[in-house]
Amino acid sequence: MHFQHAPALWRDFPALVPGVLLARGLTPDVPVDAPVARYGAAAAERLAAAPESQFPEVQAWRRAFATLGLKPTQYRCASESLLRRFRKEGSLPRIHPLIDLCNAVSLAYGIPVGVFDLSRISGDLEVRYADGDEAYETFSGGLERPDAGEVVFADGARRAHARRWTNRQSGHSAVRATTSDVLIITEALHDTAAQDVPKLVSTLADELRTTWSAEPRTAVLSAEAPVFAC
């Protein structure tokens, strides 16, 4: 299996910086309260100084969504949605230790982090413009067809594992209690993304080693080196 972004996305969004982690042998029975609280506190400190709409990480995604014809206040990148909820409620719901940890890191960095169950992906996974015939499964089990030209995470079976780029993941490949092997994707477009994404990837890799004794494989991709072999 390979993960990559289509050449058209590198052409249209040259500021893109994706980070990838592949981790195996994860379990749902580990505590993550301490790191979740630590990253939450970092996010709260940032939010005390300015709302998430003023974060450069979020503003860059808003510009990208506008370029794609999406209303930024209707369709938000995942990190903005998390930050908005965290600011209003003071915490995020607990889902699974890995998701809780990745959400907390996403809050602290202001950058979207997606987690995909590798066993639920068929063939290669590519971030690309949709043809319009891909199948997207909602978290409630419903089926949707992404709009042609929409950015999706599509696999070899033409299943969309995310819609509107960093807006919404699919329930099909969401992490669950039986998940063992995962692909974690983070993407940024802001001015300091080239410095921030490697830091985020390193942070998550350290947490995976500490919490699960895993040894993740990591990479920061570029237009010159766009492919990650899983």
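The structure under discussion appears in the preceding block.
First, a word on scope: everything that follows refers to the structure included in this document. (Residues numbered from 1 in each chain as written. Predicted model: local features only at pLDDT ≥ 70, side-chain atom pairs only at ≥ 80, totals over all residues. Heavy atoms only, no water.)

Focus: the state of the cysteines
Working step 1: For the structure shown, the criterion picks out 0 disulfides.
Working step 2: You can see Cys77 has no disulfide; the closest cysteine sulfur is in Cys102, sitting 16 Å from it.
Working step 3: Under the relative-accessibility criterion, Cys77 is labelled buried at 1%. (Disulfide = S-S within 2.5 Å. Buried < 20%, exposed > 50% of the residue type's maximum accessible area, 1.4 Å probe, protein only.)

Some words on helix α4 (residues 78-89)
Working step 1: A rise of 1.5 Å per residue sets the reference length of α4, with its 12 residues, at 16 Å; its end C-alpha atoms lie 16 Å apart and thus fit the reference within 8%.
Working step 2: Those residues of α4 that fall on the buried side of the exposure criterion are Ser79, Glu80, Leu82, Leu83 and Phe86. The arc enclosing the buried residues of α4, seen along the axis, measures out at 160 degrees, which places them on a common side. More than 90 degrees from the buried face of α4, the exposed residues found are Lys88 and Glu89.
Working step 3: In this structure, the buried side of α4 is in contact with α2 (33-49), α3 (56-67) and α5 (97-109).
Working step 4: A positive backbone phi angle near 85 degrees is found at Gly90, which sits one or two residues after α4. (Helix = DSSP H or I, 4+ residues; strand = E, 2+ residues; numbered from the N terminus. Expected span 1.5 Å × (residues − 1). Arc of directions from axis to C-beta. Contact = heavy atoms within 4.5 Å.)

Points about the sheet that holds strand β10 (residues 182-188)
Working step 1: Reading across from one edge, β3-β10-β2-β11 is the order of the 4 strands in this open sheet, with antiparallel pairing throughout. With partners counted over all chains shown, the strands left at the sheet margins are β3 (113-117) and β11 (217-220), one partner each. Geometrically, the sheet is characterised by an average inter-axis angle of 15 degrees between neighbouring strands, direction not taken into account.
Working step 2: When β3 meets β10, the two strands line up antiparallel, connected through 5 bridges. Pairing of Val113 across the sheet is with Thr186, part of β10.
Working step 3: Relative to strand β2 (residues 17-23), helix α6 (residues 193-212) is tilted by about 10 degrees, and along the sheet it contacts β2, β3, β10 and β11. (Pairing = 2+ DSSP bridges. Axes fitted to C-alpha atoms, helices over the stretch in contact; angles between N-to-C directions.)

Brief notes about the packing of aromatic side chains
Working step 1: Enumeration over the complete set of coordinates arrives at 5 aromatic pairs.
Working step 2: Ring geometry for Trp61 against Phe65: centres 6.1 Å apart, planes inclined by 75 degrees, an arrangement best described as edge-to-face. With Trp61 and Phe65 both in helix α3, this residue pair falls 4 residues apart, about one helical turn.
Working step 3: On the basis of an interplanar angle of 90 degrees and a centroid distance of 4.9 Å, the ring pair of Trp61 and Trp165 is categorised as edge-to-face. Here Trp61 is found in helix α3, whereas its partner Trp165 is found in the loop between β8 (159-163) and β9 (168-169), with 104 residues between them in sequence.
Working step 4: Residue classification places Trp61 among the buried residues on the basis of a relative accessible area of 1%.
Working step 5: Among the residues examined, Trp165 registers a relative accessible area of 1% and is labelled buried.
Working step 6: Residue placement shows Arg46 over the ring face of Phe55; its charged tip is 3.9 Å from the ring centre. (Phe/Tyr/Trp six-rings, centres within 6.5 Å; stacked < 30°, edge-to-face > 60°. Lys NZ or Arg CZ within 6 Å of the ring centre and 35° of its normal.)

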